[in-house]
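Descriptive analysis of the structure
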Amino acid sequence: MEDFSTNEIVFMENEYDHLENRLLSLESPQVVYRVLANFLARKFGCTYVLFYSDVHSDSGRVLNYGERVPGAASVSDIVAERRVYAAHDRLLKHRNRGFSVPFRMEDGTPGCIFVGPRMDGTLHTMNAMREMIPVVRTLNHVLVYLEAMKSRRERDMMRFAFSKYVSSDVVESLIENPEEVELGGKRAELSVIFTDLREFTSLSETLAPENLVKILNMYFSEMSEVIFGLGGTIDKFEGDAIMAFFGAPHTLVDHAVRCCLAALRLRRMERILNEQLVSSGLVSSPLYTRIGVNSGDMVVGNIGSASRFEYTIIGSNVNIASRIEDCNKKYGTQILISGRTFDMVKDFFVCRFVERTSLKGVSAPVDLYELVEENEVLLSQIRKYDRMRADDCEVGELIEL
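Given the structure is predicted, the values throughout are model-derived calculations rather than measurements. (Residues numbered from 1 in each chain as written. Predicted model: local features only at pLDDT ≥ 70, side-chain atom pairs only at ≥ 80, totals over all residues. Heavy atoms only, no water.)

Turning our attention to the overall build of the protein chain. Scanning the protein chain from terminus to terminus reveals 12 helices and 13 strands. Going through the 401 residues of the protein chain one by one, you find that 46% of them count as buried. A separation threshold of at least 6 residues defines the contact pool for the protein chain, and within that pool the share at least 24 residues apart is 64%. If you sum the accessible surface of the protein chain, you get close to 20800 Å²; carbon and sulfur atoms cover 49% of it. (Helix = DSSP H or I, 4+ residues; strand = E, 2+ residues; numbered from the N terminus. Buried < 20%, exposed > 50% of the residue type's maximum accessible area, 1.4 Å probe, protein only. Contact = heavy atoms within 4.5 Å. Areas by Shrake-Rupley, 256 points an atom, 1.4 Å probe, with all protein chains shown as cover.)

The next thing to look at is the packing of aromatic side chains. Across all of its chains, the model carries 9 aromatic pairs by this definition. Where Tyr48 meets Tyr65, the ring centres are 6.0 Å apart and the plane angle is 75 degrees; that geometry is what we call edge-to-face. Separated by 17 residues along the polypeptide, Tyr48 in strand β1 (residues 48-53) and Tyr65 in strand β2 (residues 62-67) bring together distant segments of the chain. Accessibility expressed as a relative area gives 1% for Tyr48, which makes it buried. (Phe/Tyr/Trp six-rings, centres within 6.5 Å; stacked < 30°, edge-to-face > 60°.)

Attention now goes to the environment of Val283. Turning to its location among the elements, Val283 is positioned in the loop between α9 (255-279) and β9 (289-304). Taking the C-alpha atoms as reference points, Val283 and Ser204, 79 residues apart in sequence, are found 9.9 Å from one another. Here Val283 is in contact with Leu203, Ile215, Leu277 and Val278, once residues within four sequence places are set aside.

This part covers the pattern of salt bridges. This model, assessed by the stated rule, comprises 12 salt bridges. The partner of Glu189 in a salt bridge is Arg340, with the nearest N and O atoms 2.2 Å apart. In this pair, Glu189 sits in strand β6 (residues 186-197) while Arg340 sits in helix α11 (residues 339-345), placing the two residues 151 residues apart along the sequence. A relative accessible area of 34% means that Glu189 is categorised as partly exposed. Classification of Arg340 as partly exposed rests on a relative accessible area of 39%. Across the pair Glu370 and Arg352 runs a salt bridge, and its minimum N-O distance is 2.8 Å. Separated by 18 residues along the polypeptide, Glu370 in strand β13 (residues 366-374) and Arg352 in strand β12 (residues 349-357) bring together distant segments of the chain. (Salt bridge = Lys/Arg side-chain N within 4 Å of Asp/Glu carboxyl O.)

Looking now at unusual backbone geometry. Cis geometry is found at the peptide bond from Ala248 to Pro249, where omega equals 0 degrees. Relative to the assigned elements, Pro249 resides in the loop between β8 (241-246) and α9. One non-glycine residue, Arg97, lies in the positive phi region at around 80 degrees. Relative to the assigned elements, Arg97 resides in the loop between β3 (92-93) and β4 (99-104). In this structure, Glu199 takes a positive phi of about 55 degrees despite not being glycine.

A few words now on the sheet that holds strand β5 (residues 110-115). In spatial order, the strands read β2-β1-β5-β4-β3; together these 5 strands make up an open sheet with antiparallel pairing. Of all the strands in the sheet, just β2 and β3 have a single pairing partner and so form its edges. The pairing of β4 with β5 spans 6 bridges and is classified as antiparallel. Residue pairing for β5: Phe99 is matched across the bridge by Val115. Helix α2 (residues 29-44) contacts β1, β2, β4 and β5 of the sheet and is inclined by roughly 140 degrees relative to β1. Against the sheet, helix α3 (residues 75-84) touches β1, β2, β3, β4 and β5, its axis set at about 60 degrees to β1. (Pairing = 2+ DSSP bridges. Axes fitted to C-alpha atoms, helices over the stretch in contact; angles between N-to-C directions.)

Moving on, we get to the pairing of β13. The sheet contact formed by strand β11 (residues 335-338) and β13 spans 3 bridges and is antiparallel. Within the sheet, the bridge partner assigned to Ser338 lies in β13 and is Leu368. As defined by bridge partners, β12 adjoins β13 across 8 bridges and the pair is classed as antiparallel. Bridged to Phe353 within β13 is Tyr369.

Bringing the nonpolar core into the picture now. Of all hydrophobic cores here, the largest spans 44 residues; its most connected members are Ile193 and Phe349. The leading source of residues in this core is α9, at 11 residues. The contacts of Ile193, once residues within four sequence positions are left out, are Ile242, Met243, Ala244, Phe246, Cys259, Ala263, Leu266, Ile291, Gly292 and Val293. Val32, Phe39, Met105 and Val142 belong to the second-largest nonpolar core, a separate cluster that totals 31 residues. (Core = buried A, V, L, I, M, F, W, Y, C linked by side-chain atoms within 4.5 Å.)

A few words now on the state of the cysteines. By definition, a disulfide is the covalent link that joins the sulfur atoms of two cysteine residues. Here the structure, examined in full by the defined rule, presents 0 disulfides. As a non-bridged cysteine, Cys259 has Cys260 as the owner of its nearest cysteine sulfur, 6.0 Å distant. (Disulfide = S-S within 2.5 Å.)

Right, let's talk about the confidence of the model for the protein chain for a bit. Here the protein chain averages 83 in pLDDT, and 82% of its residues register 70 or above. The low-confidence segment residues 1-11, where pLDDT is below 50, has 31 contacts with residues more than four positions distant or belonging to other chains. In this model, residues 393-401 is a region of pLDDT below 50 whose contacts with residues beyond four sequence positions or in other chains number 22 contacts. (pLDDT = per-residue confidence, 0-100.)

Shown next, in the form of structure tokens:
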């Protein structure tokens, strides 16, 4: 337990500065209350020091109760007395020979410090009681500082937690609008994309470990930039696979269009990357990515334990997207989307119906479409967007639906 030595008990001319520095070095308001209670109990030679939140409300509670004589305080009596004399907004003498002064908690809620009667039975002098005024001022300052530091830590934690999932612009937006992130999870309509490299397991067995890591790092870096550039969120890298989604934490009305556009751009980026990998001799044959896309209701949020969690999505529609990606092996395709996604993007892409099929673990049959390319409607939207960016104009949604 933090403590003050005996020679720190008497206030000297600069003692308030010393007290503030000591309290500012503590880690939380709870520790501040405990240390200050111990300090004040010794300074005033009293039977107890009690910190109480929101003394004027029935929902008030004890923040810290440091007693030197067991059972020295009847909390309900002194709180009730403070309520009766609420007009005494600075210092109030109590019938039990103690006194109390108000302060502001770290969140701005009004509280009170109750100082019990002296151990030797003598009265607290007025001069001694007045010394609580700068103490309270110091406490209020310390609590405001700790709350600011807590807010800063939370911002840093959010920046760290989301920096691996979304672009830096989205991270900063989330920090400014933390209500967009549902810590407990929420149900939302999203679009999810799964990718997998064909026969990469066999290829990896022929590569030196350092070359394997280099190839994967290059691949994931380029593919991530494509997804981030369209407002997507990286859920995870698993082996040589990518799972990403569109529509959270930022709500996107055109999440399905962005997801399909990402699939096509991933395919193009792979061609560019293959030129580098083959010409440098890192691979003997080009990489080939299979992609599956689905849209629908999913649960999104921070899922895990108190010490380790991930911002992720779960639900049957997530599993369907994974199954669809695997169907590319059967049909010899590269990008397959579900019927649900097709209904949402058919005005923007050229698609080819493949088959209605049953997927493992999915009760109802699913319509599969091959995603071929953007149609002229989407291409005109993209050209318009690029012109706006080139003219340095304010840009809204990529697709206006």
